[in-house]
Amino acid sequence: MFDENYREDTLHEDKLDASAPENRQSDYILEVKKLKTYFPIKDGVIQHVVGHVKAVDDVSFKIKRGTTMGLVGESGCGKTTIGRTILRLNEKTSGEVLFDGIDIHKLSRKELREMRPRIQIIFQDPYSSLSPRLPVGEIIAEAVREHKLVPKEELNDYIDDIMASCGLRPYHKDRYPHEFSGGQRQRICIARALALKPEFVVCDEPVSALDVSIQAQIINLLKDLQKKYDLTYLFISHDLSVVEHISDTIGVMYLGEIVEYGDKKDIFANPLHPYTKALFSAIPVPDPDAKMNRIILEGSIPSPANPPKGCKFHTRCSYCMEMCKSVIPEQKEIEPGHFTSCHLFNDVSLEKEGKKESSLNV
Amino acid sequence: MPLTRNQEDKQNSKFADKVTAVIKEKMSQKKIKSANYLTAKQSRAISRDNRKSMRAYEKRNNRKNVPESEYETTMRDPGNVVEFDDLHTYFFTDTGTVKAVDGVTFDIPVGKTVGVVGESGCGKSVTCLSLMQIVQRPQGQIVSGAIRLNLGDKAVDIAKMPIEKMQTVRGNKMAMIFQEPMTSLNPVFRIGPQIDEVIALHNPEMTKEQVKARTLEMLETVSIANGEGVYRMYQHELSGGMRQRVMISMALACSPSLIIADEPTTALDVTIQAQILDLLRNLKNKINSSIMLITHDLGVIAEMADYVVVMYAGRVVEKGTVGEVFKNPSHPYTIGLMASKPAVNKAVERLYSIPGNVPNPIDMPNYCYFRDRCEKCLEKCSGVYPGEKRLSPTHFVSCYLYEDLQEEK
């Protein structure tokens, strides 16, 4: 039942055609433009705002339909906030999130509700993201029923199919989440997200709470499902090896900014930004003979409430120049499709693209 | 046409058959369901047995004035700091006995790092908790086996050591770094006094000033620049990496001969992890101690350890030097574990995943625990649990696949 044909004819095709603009057929399913999400810091008796935590600070990227974008970075760098802002679980401060040409943050409540089935999220912790009071069948079916995606009489079979495709058995329907292991719970979370036939899924660290052997099962499942249902993923993780395995494009984040962004092969073969280099060299390699030329970063991430001036990375950067302390580097295309924001590459892009010269000489 | 009596009987019996079939089916379903279900009678019996055995073990542990001769032993090899010898640690729970550690044997040589890997629930942590004798009592008990600790001039068996005597060893001869620096520091005390306490307890002859000087020195060793400042801070004022540094300085305060690091970097970011691992490695060489490193990250093991012990469901399935285990993984579980982790710059279309889940730790079968998930399963595997086979002088594996190999040699 849950196959391509069924998807095609029951999916909100007709509804969408009316609401979506012409560029529905564009290659990019998601476009994030200069997105900023700040959280206010309140203080004092009257709780007035004394500052902002700049969780996401001027981030732009695009994701092609049917591909996976990986988002890596240390904890507190704003990966999760991006994911949540895309779904409008957080309100943005400025910028745009265009899903299929529609700005999600401009939709009314009713329109947003209609949009919800198309974008889904898989949360990090399968232990706290499932309601302990609902049986698994109900957890998965609830949203399907609410959005009236499937006729009532077919709902039962439909849920069985979804569960089967996520590696769950029909008799699991009557059980409660506490009866399952971590890996099984993550399967339930995936089934819950996929039951709505989404086009785009934000995977927020879906495997970091799981054991190694179970991680592999879940990653394989995600890849299979992507092929089967032509899904697009935004895969958020701090585990670089997992991100490398699953993604097509990768964005490296530091303190609310994407410092490097590009194709997986380009980024791993030729990391440009000093932070990316340090991050990659810090991955422990499961090979005792591997050569160790590790770049060890001094100190820890500065507070996002009060980020350093100029380039945010300059406090920990070993290539730091005078310029880095005052001038904010702009994002530049070094190779086709490979962007980075670092003053080290000012000259590189100048040689290649004379046009940009004026904007770079700040 | 009315039915004859015979026909009626036949129909009735048919109906009866059907009913019994349905009942039987229901019963069998019920039986399947009751795998995790205990009757009140069973539950009472378990509790009774637990109370009985726990009382016996507690009595043994809490004795006073135990003569030293009772727990003094000799090391099998004086070059080892710790020898685990067929250690069994069980937990007596209300649903049955959990054999968390079930016959673990391995050595930690002086000045080396031994890495213990395995999935969660395989008994890694319980092994090192047994070594410190801080298993949750009275449910958790070291049931049998020996843990020999080398104290230099003599050796003691920790499994037999009374609790009051343990305090002279804990923190002094061996120290532990816990997984969560967040929860293992006391939030109501400042950092300094927490480190002072360890030093003052084990060195009663030192004055307060000396203790403080030593604490500041320790903070400096773990590359905390602002020692005086951190001394007066609370744990919430420090970042994760800094907290873990404080934990390490606390563990190293008495220059122990063994540092037990239970997932020291799991809660940290990659770049901070690199800092901490680097620090641990340098400090180990500085004070010439051994490290027992517990982790589930094979990358960390490959980088840090000299010897590797792979555990599965409370047993050691494979052990050897790092080179041997990583170059020539022999147990199907080790092979699976290595293949299931995606490695950077090693693209594979599909990750290998070990089928199934870790078995329920209650009522473990007699046969090889990995049998139901193993792809290379042999007929023999249904027999008793395989013994340890020697592949090289330092490489051991518990698997029937290698039994013939031994005979050929």
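If you're wondering where the values come from, they're calculated on a predicted model, not measured in any experiment.

(A) View of the overall build of chain A. Helices and strands together make up the secondary structure of chain A, namely 13 helices and twelve strands. Taking as baseline every contact in chain A between residues at least 6 positions apart, the subset at least 24 positions apart corresponds to 65%.

(B) Quick peek at the environment of Glu197 of chain B. All names here are of chain B. Residue placement: Glu197 occurs in helix H6 (residues 191–202). Using a count of 17 C-beta atoms within 10 Å as the deciding quantity, one classes Glu197 as partly exposed. Considering only alpha carbons, one finds Glu197 and Met250, 53 residues apart in sequence, at a separation of 9.3 Å.

(C) Structural view of the nonpolar core. One finds Ala191 of chain A together with Met292 of chain B to be the most contacted residues of the largest nonpolar core, which totals 181 residues. In this structure, Ala191 of chain A is in contact with Ile140, Ile162, Met163, Cys166 and Leu168 of chain A, ignoring residues within four places of it in sequence.

(D) Quick look at the interface of chain B and chain A. With 37 residues of chain B at the contact, the number on the chain A side is 31 residues. Breaking the side of chain B that touches chain A down by element, the ones donating at least two residues are helix H10 (270–287), helix H11 (298–304), helix H12 (322–327) and helix H13 (332–340) of chain B. Per-element accounting of the side of chain B that touches chain A gives the leading share, seven residues, to H10 of chain B. For the side of chain B that touches chain A, a count of residues per class yields 16 nonpolar, 14 polar and seven charged.

(E) Looking closely at the environment of Arg76 of chain B. Residue and element names in this part refer to chain B. Here Arg76 lies in the loop between strand S1 (72–73) and strand S2 (80–93). Arg76 gets classed as partly exposed once you count the C-beta atoms within 10 Å, which come to 13. Expressed as a C-alpha distance, the spacing of Arg76 and Asp107, which sit 31 residues apart in the sequence, is 9.6 Å.

(F) View of the confidence of the model for chain A. Summarising the model, chain A shows a mean pLDDT of 83, and 88% of its residues fall at 70 or more. In this model, residues 350–362 of chain A is a region of pLDDT below 50 whose contacts with residues beyond four sequence positions or in other chains number six contacts.

(G) Molecular detail of the environment of Val101 of chain B. Residues and elements named next belong to chain B. With respect to the helices and strands, Val101 occurs in strand S3 (residues 96–109). Owing to 30 C-beta atoms within 10 Å, Val101 belongs among the buried residues under this scheme. Linking Val101 and Gly121, residues 20 residues apart in sequence, is a C-alpha distance of 10.0 Å. Those residues in contact with Val101 that lie beyond four places of it in its chain are Leu87, His88, Thr89, Gly123, Val126, Thr127, Ser130 and Gly314.

(H) Focus on the sheet that holds strand S1 (residues 28–43) of chain A. Residues and elements named next belong to chain A. Taken in spatial order, the four strands make up an open sheet running S2-S1-S4-S5, and their pairing is antiparallel. The two strands at the open ends of the sheet, each matched to only one other strand, are strand S2 (48–64) and strand S5 (102–103). Sheet topology note: the strand S4 (residues 94–99)/S5 ladder contains two bridges and is antiparallel. Across the sheet, Phe99 pairs through a bridge with Ile102, a residue of S5.

(I) How the structure looks around the pairing of S3 of chain B. All names here are of chain B. Pairing between S2 and S3: eleven bridges, direction antiparallel. Bridge pairing links Asn80 to Pro109 in S3. As consecutive antiparallel partners, S2 and S3 are separated by two residues.

(J) Just the pairing of S2 of chain B, in detail. Alignment of S2 of chain B against strand S5 (residues 140–150) of chain B, held across eight bridges, turns out to be antiparallel. The residue of S5 of chain B that forms the bridge with Phe84 of chain B is Ile147 of chain B.

(K) Structural view of helix H8 (residues 212–229) of chain A. Over its 18 residues, H8 of chain A extends 26 Å from the first C-alpha to the last, a length consistent with the 26 Å expected when each residue adds 1.5 Å. Those residues of H8 of chain A that sit buried are Val212, Ser213, Ile214, Gln215, Ala216, Gln217, Ile218, Ile219 and Leu222 of chain A. If you follow the buried residues of H8 of chain A, they end up packed against helix H7 (182–194), strand S7 (200–204) and helix H9 (240–246) of chain A together with H13 of chain B. A positive phi of about 55 degrees marks Asp230 of chain A, the residue just after H8 of chain A.

(L) Summary view of helix H9 (residues 240–252) of chain B. Residues and elements named next belong to chain B. With 13 residues, H9 should cover 18 Å at 1.5 Å per step; its first-to-last C-alpha distance of 18 Å lies within 8% of that length. Listing the buried residues of H9 in full gives Gly241, Met242, Arg243, Gln244, Arg245, Val246, Met247, Ile248, Ser249, Met250, Ala251 and Leu252. Next to the buried residues of H9 lie strand S7 (174–177), helix H5 (181–184), H6, helix H7 (208–221), strand S8 (258–262) and H10.

(M) Broad picture of the packing of H6 of chain B against H9 of chain B. Residue and element names in this part refer to chain B. In contact at an axis separation of 9 Å, H6 and H9 are set at 20 degrees when each is read in the N-to-C sense. Here H6 lies roughly parallel to H9, going by the angle between them. For the element pair H6 and H9, the recorded crossing hand is right-handed. Residues Ile191, Gln194, Ile195 and Val198 of H6 form the contact with H9, whose own contacting residues are Val246, Ser249 and Met250. Looking at the contact of H6 with H9 residue by residue, the class counts come to five nonpolar, two polar and no charged.

(N) Examining unusual backbone geometry more closely. Note the cis peptide between Arg137 of chain B and Pro138 of chain B, where omega equals 0 degrees. Along the chain, the position of Pro138 of chain B falls in the loop between helix H3 (124–132) and S5. The phi dihedral of Lys34 of chain A is positive, around 45 degrees, even though this residue is not glycine. Along the chain, Lys34 of chain A turns up in strand S1.

(O) Seen up close, the packing of H9 of chain B against H10 of chain B. Residue and element names in this part refer to chain B. Running from amino to carboxyl end, H9 crosses H10 at an angle of 15 degrees, the nearest separation of the two axes being 10 Å. When the interaxial angle is binned, H9 and H10 end up roughly parallel. Along this stretch, H9 crosses H10, giving a crossing that reads as right-handed. Contact residues: Gly240, Gly241, Gln244, Ile248 and Leu252 in H9; Ile272, Gln275, Ile276, Leu279, Leu280, Leu283 and Ile287 in H10. Of the residues contributing to the contact of H9 with H10, the split by class is eight nonpolar, four polar and no charged.

(P) Up close: the confidence of the model for chain B. Residues and elements named next belong to chain B. The predicted model of chain B has a mean per-residue pLDDT of 84, with 90% of residues at 70 or higher. Here helix H14 (residues 403–408) stands out as the element of chain B with the lowest mean pLDDT, 59, in contrast to strand S4 (residues 113–117), whose mean of 93 is the highest. Here residues 30–34 scores under 50 on pLDDT; set against residues more than four positions off or in separate chains, the count is zero contacts.

So, how was this worked out
- Residues numbered from 1 in each chain as written.
- Chains lettered and ligands numbered in written order.
- Predicted model: local features only at pLDDT ≥ 70, side-chain atom pairs only at ≥ 80, totals over all residues.
- Helix = DSSP H or I, 4+ residues; strand = E, 2+ residues; numbered from the N terminus.
- Contact = placed C-beta atoms within 7 Å.
- Buried ≥ 20, exposed ≤ 12 C-beta atoms within 10 Å, placed from the backbone.
- Core = buried A, V, L, I, M, F, W, Y, C linked by C-beta atoms within 7 Å.
- Nonpolar A, V, L, I, M, F, W, Y, C, P; charged D, E, K, R; others polar.
- pLDDT = per-residue confidence, 0-100.
- Pairing = 2+ DSSP bridges.
- Expected span 1.5 Å × (residues − 1).
- Axes fitted to C-alpha atoms, helices over the stretch in contact; angles between N-to-C directions.
- Parallel < 35°, antiparallel > 145°, perpendicular 65-115°, else oblique.
- Left-handed = near helix turned anticlockwise from the far one by under 90°.

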